[in-house]
Amino acid sequence: MAGLFERWLDDLRARRDRLIADPKFQRWSLANPFTRPIARRRARAALDLTAGFVYSQVLFACARLKLFEALAGGPLTVSDLATRLALSEAATRRLLDAAASLDITERRAGERYGLGQLGAAFLGNAAARALVEHQPLLYADIADPVALLRGEKRAALADYWPYSDLEQPKALSPGDVAPYSALMAASQPMVAEQALDAYDMRQHKRLMDIGGGEGVFLCAAAARAPDLQLALVDLPAVADRARMRLEAAGLMARAQIHGGDFLRDDLPKGADAVTLIRIVHDQDDERALMLLRNIRRAMEPGATLLIIEAMSGVKGAETLDAYYGFYTLAMGRGEPRRVEEIEALLRQAGFGGFRLLDNALPTLTSILVAKAI
C-alpha cells in the first residue's frame, strides 16, 4: 500500500512540475488575480536564488567598510559617509542604495541614510559581523561549484581549518590554530546563549566540553551555573588559548583543561554532562562514530550528552543544507545531518533517550540531548 501511495505522489508531483514549467501557465498565473500573489512570491524567490551571491557581497562590503559602525550614531549624508568609507560619492550612493534594497540601510529625510532593521541587527551582533567577514574564503572556493563537487580542485578553506584533513592534529602550532580559534570564539556566544536558554546546566555537577575551543561556552555555562565544575578538551595549542581565557575569567579554580586529540586519546572521566558544539557536522560518519564511541567510554550510564549544532530538516532551518553542505565540502570533511541520522550514530555508540529541545533560533543551532546507556 505504501508503494502505491508513493507512486501516486510521484505522479501528482510530475504533473505539478509539468504545469509550473509551462510558459502558458506561468503567464496565466500572473494574469489571474487569485494566483498572482503566489506567482509573484515564486518570482521573487527565483530572483533571490539568482542574485543571492550579490546580496552577500553587498553585506560583506558593508561589514568590511564598517558601515554599521559609521551609522551607529544616526543617519548621515552621502557626502559624510563617502569620507568615512574612503569611497567616491557615486560609489557610496550605489552601496547605500543596494543596501537599502536589502533592509541593511534605510533612506531618511534630507538625502540621508540610516540603518535598516537588518543593519541595526548586525550592528548589535559582533559575532554575526565576524562570520560575514569570514565568508570570502568560502565564496572563493565555490566560484566553480561543479569542479568542487567533482573533486577536481582542492578548496582553500581546508587550510583555514587545518585539523580537518590531518591524521596528527596535535602537531598543529599556535599559529596554525589562531585564525579559526578566534572565529569560533567570536561566534560562540550566540550559540551558547541559545543552548543555555534551552537547557539548564544547574542540574549537573561537572561539564566537559569536547572540542571546546577557547572556552567561551564553558565561561557562559559557569555564569549560569555557579557550582558547576568545568573541563575542556581540545588540541594542545587550542587548549592553551582556553586556559588563558578561563584564567582571565577567574575560573581555573573550578576548571581542568586537557590538550589532546579527542578522536584518539582517552578522554577524562567523571563528567555527568558532555557537550559537542559544532563538532559532529565537521566529521564524516566514520570519524563521527569514532568520536562518539570515545566519548561514551568516558561517561557513566545515565550521563548526558548534548550535541549543539545546526541540523538538517529542522523546521525553520531548512536552507541550512545548502550552506553547510557546500561549506563542509570545501572544508574537505563532514556534512550536515538530519536529527535521525545523528541519533543513528549515537545508538551505535551506546546512547539513547533522545530529545530535540525547542530553541528560538534553529537557523543558528539545534540542541539534541542523549543519555549514555
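Residues numbered from 1 in each chain as written. Predicted model: local features only at pLDDT ≥ 70, side-chain atom pairs only at ≥ 80, totals over all residues. Heavy atoms only, no water.

The protein chain is annotated in an unreviewed UniProt entry as O-methyltransferase from Methylocystis iwaonis.

### Structural notes on the UniProt feature "domain: O-methyltransferase dimerisation" (unreviewed entry) in the protein chain
The line we're drawing: UniProt positions are given in the numbering used here, feature names are shortened, and annotations may be inferred rather than shown by experiment. Per the convention used, a helix needs a DSSP run of H or I reaching at least four residues, while a strand needs a run of E reaching at least two, with both numbered from the N terminus.
Mapped onto this structure's residue numbering, the UniProt feature "domain: O-methyltransferase dimerisation" (unreviewed entry) falls at residues 48-123. In this annotation, residues 48-123 is assigned 64% helix and 13% strand; the end-to-end C-alpha distance for the span is 23 Å.

### What about the packing of helix α14 (residues 285-297) against helix α16 (residues 339-349)?
For clarity, the cut-off: Lines are fitted to the C-alpha atoms to define the axes, a helix being fitted only along its stretch in contact, and any angle between axes, read from their N-to-C directions, falls within 0 to 180 degrees. Any angle that is under 35 degrees is reported as roughly parallel, and any over 145 degrees as roughly antiparallel; angles of 65 to 115 degrees are reported as roughly perpendicular and all others as oblique. Crossing handedness is defined as follows: a turn of the near helix away from the far one that is anticlockwise and smaller than a right angle gives a left-handed crossing, while the clockwise case is right-handed. Any two residues whose heavy atoms approach within 4.5 Å are treated as being in contact. Each residue gets one label: Ala, Val, Leu, Ile, Met, Phe, Trp, Tyr, Cys and Pro are nonpolar, Asp, Glu, Lys and Arg are charged, and the others, such as Gly, are polar.
Running from amino to carboxyl end, α14 crosses α16 at an angle of 50 degrees, the nearest separation of the two axes being 9 Å. Comparing the axis directions of α14 and α16 gives the class oblique. As α14 packs across α16, the resulting crossing turns out to be right-handed. Contacts between α14 and α16 involve D285, A288, L289, L292, R293 and R296 from the first element and L345, L346, Q348 and A349 from the second. The residue makeup of the contact of α14 with α16, split by class, is 6 nonpolar, 1 polar and 3 charged.

### Brief notes about the packing of helix α8 (residues 126-141) against helix α15 (residues 320-331)
Geometrically, a packed helix pair is captured by the angle between its two axes and the distance between the axes. Remark: α8 packs on α15, axes separated minimally by 10 Å, with the N-to-C direction vectors making an angle of 80 degrees. Classified by the interaxial angle, the pair formed by α8 and α15 is roughly perpendicular. Contacts between α8 and α15 involve H134, Q135, L138 and D141 from the former and Y323, F326, Y327 and A330 from the latter.

### Things to note about the environment of R337
Put simply, the rule reads: Two N or O atoms form a polar contact when they lie within 3.5 Å of each other; inside protein one atom must be a possible hydrogen donor and the other a possible acceptor, and for residues adjacent in sequence the pair counts only when both atoms belong to side chains.
Mapped onto the secondary structure, R337 falls in the loop between α15 and α16. For R337 and S312, which are 25 residues apart along the polypeptide, the C-alpha to C-alpha distance reads 5.3 Å. Setting aside its immediate chain neighbours within four residues, R337 contacts V280, H281, Q283, D284, D285, A288, M311, S312, I342 and L345. Here Q283 takes part through its backbone oxygen, which lies 2.7 Å from a polar atom of the side chain of R337.

### Some details on the sheet that holds strand β2 (residues 105-108)
Going by this rule: Two strands pair under a simple rule: DSSP has to find at least two bridges between them.
Ordered by their spatial adjacency, 3 strands build an open sheet running β1-β3-β2, and the pairing between neighbours is antiparallel. Of all the strands in the sheet, just β1 (76-77) and β2 have a single pairing partner and so form its edges. Here 4 bridges tie β2 to strand β3 (residues 112-115), and the two strands are oriented antiparallel to one another. Looking at β3, one finds that T105 is bridged to L115. The sheet contacts of helix α6 (residues 89-101) involve β2 and β3, and relative to β2 the element is tilted by about 105 degrees.

### So, the pairing of strand β7 (residues 273-277)
Condition: In this scheme, a residue with accessible area under 20% of its type's maximum is buried, one over 50% is exposed, and one in between is partly exposed, where area comes from a 1.4 Å probe on protein chains only. Seen with the strands pointing away from the viewer, any crossover whose path from the first strand over the helix to the second strand runs clockwise is right-handed.
Among the 5 residues in β7, 5 count as buried, and that is most of the element. What you see with β7 is no split at all: A273, T275 and I277 on one side and V274 and L276 on the other are buried throughout. Looking at chain direction, β7 and strand β8 (residues 304-309) are connected through 5 bridges and run parallel. What sits directly across from T275, in β8, is L306. Each parallel crossover has a hand, and the one from β7 via α14 to β8 is right-handed.

### A short note on the pattern of salt bridges
The criterion, for reference: What counts as a salt bridge is simple: a side-chain nitrogen of Lys or Arg found within 4 Å of a carboxyl oxygen of Asp or Glu.
Across all of its chains, the model carries 21 salt bridges by this definition. E133 serves as the salt-bridge partner of K66, at 3.7 Å between the closest nitrogen and oxygen. In this pair, K66 sits in the loop between α3 (36-64) and α4 (67-70) while E133 sits in helix α8, placing the two residues 67 residues apart along the sequence. For K66, a relative accessible area of 42% corresponds to the partly exposed category.

### Digging into the sheet that holds strand β4 (residues 206-210)
In spatial order, the strands read β6-β5-β4-β7-β8-β10-β9; together these 7 strands make up an open sheet with mixed pairing. The open sheet is flanked by β6 (255-259) and β9 (351-357), the only strands paired with a single partner. Strand-to-strand, the axes of this sheet are offset by a mean angle of 20 degrees, without reference to chain direction. Note that β8 and strand β10 (residues 366-372) share 6 bridges and pair antiparallel. Each residue of the ladder has a partner; that of I308, found in β10, is I367. Along the sheet, helix α11 (residues 174-198) contacts β7, β8, β9 and β10; its crossing angle with β10, the most-contacted strand, is approximately 55 degrees. Along the sheet face, α14 touches β4, β7, β8, β9 and β10 and points at about 160 degrees away from the line of β7.

### So, the environment of M290
Turning to its location among the elements, M290 is positioned in helix α14. M290 sits in the partly exposed class, given a relative accessible area of 36%. Through-space distance from the C-alpha of M290 to that of D48 is 40 Å; in sequence the pair is 242 residues apart. Setting aside residues no more than four positions away along its own chain, M290 makes contact with L263 and R264.

### Topic: α16
Put simply, the rule reads: Relevant arc is that of directions from the helix axis to the C-beta atoms, nothing else.
Along α16, the positions that sit buried rather than exposed are V339, I342, E343, L345, L346 and A349. Along the long axis of α16, the arc covered by the buried residues comes to 160 degrees, so they all point the same way. At its buried positions, α16 is contacted by α14, β8, β9 and β10. Two residues or fewer past α16, G350 is found with a positive phi of approximately 105 degrees.

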